[in-house]
Amino acid sequence: MKSVRIFTVLVIYILLQFTWWSYLLYKLNDEVYKHRIEIVQLKYDAVRSALEEKNLVDKLHSRYLMIAGEGLVFLSLLSWVTYQTVRSFRKEMELARLQKNFLLSITHEFKSPLASIKLYLQTIQKHPLDKEKEQSFISKAIADTERLDTLVENTLLANMIDHKGYSFNKEPINLSALVRLISQKYNTLPDFHQRIKTTISDDISINGDKLALTLLLNNLIENALKYSPHHSEICIELKKNQIQIELSVADQGKGIAVSERKKIFEKFYRSGNEETRNTKGTGLGLFLARHIAENHNGIIAVENNHPQGSIFKVLFASGS
């Protein structure tokens with residue numbers, strides 16, 4: 001990166017200049033004090049001369065210490081500024097990479113369901129189909145429309161969160177019924193290759209934003225679907241005790257490395273490069289899930305599933 005090279009050259013130049021001026025200052029002080037000592041030796045007798053020489057040598061050493069101290073402070077400040085600047089450069093480069101990946105993924109994610117919907121509708125329009133086939137195509141088009149709707153909601157909500165423009169409209173919600181409804185929706189989708197198993201306690205309520213909580217669960221399920229093999233089981237559990245409400249989504253995918261468990265909740269973050277990645281997604285789902293959980297006085301975390309996979313857990317305060 002050109003700016004990094006320019007900054008590196010500038011730092012090297014400053015260090016060289018600092019070293020050179022420090023050397024000149026050292027030599028100048030040495031010459032000045034040698035000259036003063038010669039004057040003292042000519043001006044005073046031996047006893048007085050020795051005393052004055054000692055005072056001058058002490059002053060010279062003090063001056064050396066002062067130069068060394070100021071130099072150390074300067075080098076410390078330069079090191080700190082260099083570190084912060086390089087760190088800032090790296091953050092900007094990482095953000096640029098993530099934004100590039102996001103643009104590549106969002107383009108694909110929007111075009112894919114649109115192309116699919118268009119194909120289904122054109123097929124229904126141009127070819128006579130039996131009732132069963134027609135209903136199958138309509139169901140698939142609706143499923144792609146819902147997927148596209150979720151993508152749009154995610155993108156808009158992420159933008160509003162960034163600009164502090166979203167107000168969570170909270171009201172009493174039967175969370176048990178909401179989780180059941182969303183889980184059943186996935187199990188009835190056409191060409192659904194996994195199975196969702198639910199363990200949901202009855203009559204768990206929360207004071208929350210229904211749209212946001214729906215997005216949270218949709219994003220956790222979509223994340224599980226992306227990384228789970230076909231014909232595997234995704235387990236959704238909702239339970240409550242006196243302290244907290246726990247919502248968990250467990251998959252049987254490859255799992256998440258410990259080093260990535262905090263990064264996956266950052267905006268745009270996705271493992272690998274968008275040009276070579278096989279799984280779909282925009283890098284917004286888990287970012288939104290974290291913000292939605294936090295705005296409902298909750299936290300979200302991920303842990304290992306056994307024998308393989310991940311478990312995403314959202315913990316809400318029981319009185320939320």
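**What to know about the nonpolar core**
Phase 1 of the analysis: With 47 residues, the main nonpolar core has Leu220 and Ile292 as its most contacted residues.
Phase 2 of the analysis: Counting residues per element, this core draws most heavily on helix α5 (residues 210-227), which supplies nine residues.
Phase 3 of the analysis: Each residue touching Leu220, except ones within four places of it in the same chain, is listed here: Val249, Leu286, Ala289, Ile300, Phe312 and Val314.

**Focus on the pattern of salt bridges**
Phase 1 of the analysis: Tallied over the full model, the rule gives six salt bridges.
Phase 2 of the analysis: In this structure, Glu237 engages Lys239 in a salt bridge whose closest nitrogen and oxygen atoms are separated by 3.9 Å.
Phase 3 of the analysis: For Glu237, a relative accessible area of 29% gives the class partly exposed.
Phase 4 of the analysis: The exposure class assigned to Lys239 is partly exposed, which follows from its relative accessible area of 36%.
Phase 5 of the analysis: For the salt bridge of Lys313 with Glu303, the shortest nitrogen-to-oxygen distance reads 3.3 Å. Here Lys313, found in strand β7 (residues 310-317), pairs with Glu303, found in strand β6 (residues 298-304); they are 10 residues apart in sequence, far enough to count as distant.
Phase 6 of the analysis: You can call Lys313 partly exposed: its relative accessible area is 24%.

**Thoughts on the pairing of β6**
Phase 1 of the analysis: Where β6 meets β7, seven bridges bridge the pair, whose relative direction is antiparallel. Directly across from Asn304, in β7, lies its bridge partner Ser310.
Phase 2 of the analysis: Where β6 folds back on β7, the antiparallel hairpin that results is connected by five residues, among which Gly309 adopts a positive phi of roughly 110 degrees.

**Considering a nonpolar patch on the surface**
Phase 1 of the analysis: A contiguous nonpolar patch, built from Trp20, Trp21, Tyr23 and Leu24 and spanning about 460 Å² of accessible area, is present on the exposed surface.
Phase 2 of the analysis: Looking at the element boundaries, Leu24 is found in helix α1 (residues 2-43).

**Describing the packing of α5 against helix α6 (residues 285-294)**
Phase 1 of the analysis: Look at α5 against α6: their axes get within 9 Å of each other, and the N-to-C directions meet at 140 degrees. In terms of orientation, α5 and α6 fall into the oblique class. Relative to α6, α5 is oriented so that their crossing is left-handed. On α6, the residues touching Ala212, Leu213, Leu215, Leu216, Asn219, Leu220 and Asn223 of α5 are Gly285, Leu286, Leu288, Ala289, Ile292 and Ala293.
Phase 2 of the analysis: Tallied by class, residues from the contact of α5 with α6 come to 10 nonpolar, three polar and no charged.

**Considerations on the confidence of the model for the chain**
Phase 1 of the analysis: In this model, the chain carries a mean pLDDT of 82, and residues with pLDDT of at least 70 account for 89%.
Phase 2 of the analysis: Per-element averaging of pLDDT across the chain places α1 at the bottom with 78 and strand β5 (residues 244-250) at the top with 94.
Phase 3 of the analysis: Overall, residues 272-277 carries pLDDT values under 50, and its contacts beyond four positions in sequence, including any with other chains, amount to 13 contacts.

**Some remarks on the packing of aromatic side chains**
For any pair of aromatic rings, the description rests on two quantities: the centre-to-centre distance and the angle between the ring planes.
Phase 1 of the analysis: All chains considered together, the criterion is met by four aromatic pairs.
Phase 2 of the analysis: Pairing Tyr120 with Phe137 gives two aromatic rings, centres 5.3 Å apart and planes at 45 degrees, and the pair type is tilted. Residue Tyr120 is found in helix α2 (residues 46-126), and its partner Phe137 is found in helix α3 (residues 131-162); the two are separated by 17 residues along the sequence. You'll find Tyr120 and Phe137 in the same group, each marked buried.
Phase 3 of the analysis: Judged by centre distance (6.2 Å) and plane angle (80 degrees), the rings of Phe265 and Phe312 are edge-to-face. Placement of Phe265 in the loop between β5 and α6 and of Phe312 in strand β7 is noted, with a sequence separation of 47 residues between them.

**Considerations on the packing of α3 against α5**
Phase 1 of the analysis: Between α3 and α5, the least distance of the axes is 11 Å, while the angle of their chain directions is 115 degrees. Between α3 and α5 lies a crossing of left-handed hand. Every residue of α5 that contacts α3 at Thr150, Glu153, Asn154 and Leu157 is listed here: Leu211, Leu215, Asn218 and Asn219.
Phase 2 of the analysis: Taken together, the residues of the contact of α3 with α5 sort by class into three nonpolar, four polar and one charged.

Rules and cut-offs
- Residues numbered from 1 in each chain as written.
- Predicted model: local features only at pLDDT ≥ 70, side-chain atom pairs only at ≥ 80, totals over all residues.
- Heavy atoms only, no water.
- Core = buried A, V, L, I, M, F, W, Y, C linked by side-chain atoms within 4.5 Å.
- Buried < 20%, exposed > 50% of the residue type's maximum accessible area, 1.4 Å probe, protein only.
- Helix = DSSP H or I, 4+ residues; strand = E, 2+ residues; numbered from the N terminus.
- Contact = heavy atoms within 4.5 Å.
- Salt bridge = Lys/Arg side-chain N within 4 Å of Asp/Glu carboxyl O.
- Pairing = 2+ DSSP bridges.
- Patch = residues over 30% accessible without salt bridge, like charges linked within 9 Å, V, L, I, M, F, W, Y side chains within 5 Å.
- Areas by Shrake-Rupley, 256 points an atom, 1.4 Å probe, with all protein chains shown as cover.
- Axes fitted to C-alpha atoms, helices over the stretch in contact; angles between N-to-C directions.
- Parallel < 35°, antiparallel > 145°, perpendicular 65-115°, else oblique.
- Left-handed = near helix turned anticlockwise from the far one by under 90°.
- Nonpolar A, V, L, I, M, F, W, Y, C, P; charged D, E, K, R; others polar.
- pLDDT = per-residue confidence, 0-100.
- Phe/Tyr/Trp six-rings, centres within 6.5 Å; stacked < 30°, edge-to-face > 60°.

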